[in-house]
Amino acid sequence: MRSSVFAIKRWYLLVFSAVIFWLSSGLGLANEVASSEHLTFQKAGSYGYAATFQIALGDLDGDGDLDAVFANMHARSEIWRNNGQGRFTNAYKDIGGEAHGVGLGDLDSDGDLDMVLAPASNSEGSRIYFNDGAGHFTLASTALGDAAITANSLELIDADGDGDLDISVYYVDGQRHCRLYTNDGQGQFTLTEIQFPGIAAWGDIDNDGDRDAICLQHGQTGSGVKVFVNHGALSFAEAQHISAPVFFAPGTGALGDIDGDEDLDLVIGGGSSLDSPLTLLRNDGAGFFTYDPSSSFSAYGARVSLGDFNSDGATDVYLGCLNHAKLIGLGDSRGQIVDSGILLGDTSMAGVAAIGDLDGDGDLDLFIAIYGQGGPNEVWLNAAD
């Protein structure tokens, strides 16, 4: 009898401890602060218990705030609803199996955000889900037909200039290349013959109104960055190859105006070794890039996101590093990125973070994907001066 009583008490203690842990993480009862002279981030919550490679933000249910989608490895992907103040609740929506990359956008031209999930598997293809406008998703009857290829990440862009969103998927089936799927405007996609070497960052680099592709090639000497200029009607031509002198191991790249001259520069997380600096390629406005080695960051394999965190008009950099605390670099609008001194979280391997105004106060917050330790993912709210 006594052993039964002890067992019951122990069971209640375990449940109580689990509830306290859930409250302190899922409801954001954390007190971690990361601060510099003009920028402060407050950790406001931890969410999920899977290895999340990427988080995407968007108003999925039409209530005016940013909800989150977790692309989870070895577990079902998840939708988390925002209460408008940066607190999230698991919506427990069935969005299928695991995923590595996620994209949100209006695929069927009905005014709401639909979803694409790319799994890191050669037995399951990328999946498309249509939104009914209230955050309820239906799996599309047709998908991309890429089940035999291992997908890694994706990007939604209007590559052919017809006003709807196409899909660029990065595959790592030995070739490490991007394939392009065009949209008919109703969410039906067709595979094109276009292939880009490496993972592509998309943007209008030559200011002619269409989307160009800048590809990061991972590998031995001779790899590096290849620039493909879009001449319209899906006619892409290689315009530049910036070769890496040694082994090149980029994390991700992001396009943004780093030097304040109103064109898109390229920021790459990582380079040729563990102590490689953040790589910056400056654009001359016509789509020609020049390497700028001035960065003092060590950012091997980092996943890069860009945004103006301190609201000074300059583009700042978030770096989700492989085995290092997450970093914030502050831009000065002249092409220099200065270490803010801010370290976010521990050294858990980061996935691809999402940036947006999570609490509705007008500045940019961070939803950081934690990949290496199997979660939980972290919300850091911006309290910039």
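Just above, that's the structure.
A brief report on the enclosed structure follows. Counting starts from 1 at the beginning of each chain's written sequence and moves along it residue by residue. Under the rules for a predicted model, residues below a pLDDT of 70 receive no local features and side-chain atom pairs below 80 are neither given nor counted, while totals for whole chains, interfaces and linings still include all residues. Hydrogen atoms and water are omitted, and side-chain values are computed over all heavy atoms in the structure.

### With respect to the overall build of the chain
In step 1: Numbering of helices and strands runs from the N terminus; a helix is a DSSP stretch of H or I covering at least four residues, while a strand is a stretch of E covering at least two. When helices and strands are counted, the chain shows one helix and 29 strands.
In step 2: Classification of residues uses two cut-offs on accessible area relative to the type maximum, computed with a 1.4 Å probe and protein chains only: under 20% is buried, over 50% is exposed, and between them is partly exposed. Residues counted as buried form 55% of the 385 residues belonging to the chain.
In step 3: Considering only contacts in the chain between residues 6 or more positions apart, those separated by 24 or more positions represent 42%. It only takes one pair of heavy atoms within 4.5 Å for two residues to be counted as in contact.

### Remarks on the pairing of strand 29 (residues 377-382)
In step 1: Counting buried residues in strand 29 gives six out of six residues, a clear majority hidden from the surface.
In step 2: Every second residue of strand 29 is oriented toward a common face, with N377, V379 and L381 on one face and E378, W380 and N382 on the other, all of them buried.
In step 3: A pair of strands is considered paired only if DSSP assigns at least 2 bridges between the two. Pairing between strand 2 (residues 40-47) and strand 29: six bridges, direction antiparallel. Within strand 29, the position partnered with F41 by the bridge is N382.

### Topic: the sheet that holds strand 10 (residues 137-139)
In step 1: An order of 7-8-9-10 is seen for the four strands of this open sheet, with the pairing classed as antiparallel. The open sheet has two free edges, formed respectively by strand 7 (101-105) and strand 10, since each of these has just one partner strand. Averaged over all neighbouring strand pairs, the angle between strand axes comes to 25 degrees, with direction disregarded. Fitted lines through C-alpha atoms serve as axes, helices being fitted only where they are in contact, and the angles separating the N-to-C directions of these axes extend from 0 to 180 degrees.

### Quick notes on the sheet that holds strand 25 (residues 326-331)
In step 1: In space, the four strands of this open sheet follow the order 23-24-25-26, with antiparallel pairing throughout. At either margin of the open sheet sits one strand with a lone partner, and together these are strand 23 (303-307) and strand 26 (337-344). Put simply, the sheet's adjacent strands are angled 25 degrees from each other on average, direction ignored.
In step 2: Where strand 23 meets strand 24 (residues 316-320), five bridges bridge the pair, whose relative direction is antiparallel. Note on strand 24: the bridge partner recorded for V304 is L319.

### Section: the nonpolar core
In step 1: By nonpolar core we mean a set of buried residues, namely Ala, Val, Leu, Ile, Met, Phe, Trp, Tyr and Cys, connected to one another through side-chain atoms within 4.5 Å. Counting residues in hydrophobic clusters, the biggest one holds 26 residues, and the most contacted among them are F196, W202, I214, V225, L266 and F289.
In step 2: The set of elements that each furnish at least two residues to this core consists of strand 13 (177-183), strand 14 (189-197), strand 15 (199-203), strand 16 (212-217), strand 17 (224-230) and strand 20 (265-268).
In step 3: For L266, the residues in contact, after removing those within four places along its chain, are A201, I214, L216, V225, G253, A254, L255, T279, L280, L281 and F289.
In step 4: Grouped together as the second largest cluster of nonpolar side chains are 16 residues, A140, I149, L156 and V169 included.

### Some thoughts on the environment of G351
In step 1: Topologically, G351 is positioned in the loop between strand 26 and strand 27 (354-356).
In step 2: Linking G351 and V304, residues 47 residues apart in sequence, is a C-alpha distance of 9.9 Å.

### Some thoughts on the pattern of salt bridges
In step 1: Salt bridge, as applied in this entry: a Lys or Arg side-chain nitrogen positioned within 4 Å of an Asp or Glu carboxyl oxygen. Summed over the entire model, instances satisfying the criterion amount to nine salt bridges.
In step 2: Its salt-bridge partner being K43, residue E32 comes within 3.4 Å of it at the nearest N-O pair. Pair noted here: E32 is in the loop between helix 1 (2-26) and strand 1 (33-35) and K43 is in strand 2, with a separation of 11 residues, a long-range link.
In step 3: With a relative accessible area of 9%, K43 lands in the buried category.
In step 4: Of the charged contacts in the structure, one is a salt bridge between D94 and R76, with a shortest N-O distance of 2.7 Å. Of the two residues, D94 is situated in the loop between strand 6 (88-90) and strand 7 and R76 in the loop between strand 4 (67-73) and strand 5 (78-82); the sequence distance between them amounts to 18 residues.
In step 5: A network of salt bridges, in which partner residues are shared, links E32, K43 and E378.

### Section: the side chain of D166
In step 1: Along the chain, D166 falls in strand 12 (residues 166-171).
In step 2: Residues adjacent in sequence count toward polar contacts only when both atoms are side-chain atoms; beyond that, a polar contact is any pair of N or O atoms within 3.5 Å, and within protein one must be able to donate a hydrogen and the other to accept it. Within the structure, D166 has its side chain in polar contact with the backbone nitrogen of A159 (distance 2.8 Å).
In step 3: Those residues in contact with D166 that lie beyond four places of it in its chain are E155, L156, I157, D158, A159, D160, L180, Y181, T182, N183 and F189.

### A few points about unusual backbone geometry
In step 1: Here the amide bond leading from G375 into P376 is cis, since omega sits at -5 degrees, within 30 degrees of zero.
In step 2: Tracing the backbone shows P376 in the loop between strand 28 (365-368) and strand 29.
In step 3: The backbone phi angle of Y92 is positive, close to 50 degrees, even though this residue is not glycine.
In step 4: Inspection of the secondary structure puts Y92 in the loop between strand 6 and strand 7.
In step 5: The phi angle at A233 is positive, at roughly 55 degrees, despite the residue not being glycine.
In step 6: In this structure A233 comes out as exposed when scored by relative accessible area, which is 74%.

### Describing the packing of aromatic side chains
In step 1: Stacked, edge-to-face and tilted are the three classes for Phe, Tyr and Trp ring pairs, Trp counted by its six-membered ring, which pair at centre distances within 6.5 Å; planes under 30 degrees apart are stacked, over 60 edge-to-face, the rest tilted. Scanning the model with the defined rule gives 12 aromatic pairs in all.
In step 2: Measuring from ring centre to ring centre gives 5.7 Å for Y47 and F88, while their planes differ by 75 degrees; the resulting arrangement is edge-to-face. Separated by 41 residues along the polypeptide, Y47 in strand 2 and F88 in strand 6 bring together distant segments of the chain. Per residue, the accessibility class of Y47 equals that of F88, and both read buried.
In step 3: Taken together, the aromatic side chains of Y47, F70, W80, F88 and F367 make up a single cluster linked through ring pairs.

### Concerning the environment of F41
In step 1: Position of F41 relative to the elements: it lies in strand 2.
In step 2: Along the backbone, F41 and N382 are 341 residues apart, and their C-alpha atoms lie at a distance of 4.6 Å.
In step 3: For F41, the residues in contact, after removing those within four places along its chain, are E32, V33, A34, F309, I328, I342, L344, L364, L366, W380, L381 and N382.

Bear in mind that shape data such as this cannot, by itself, settle questions of function.
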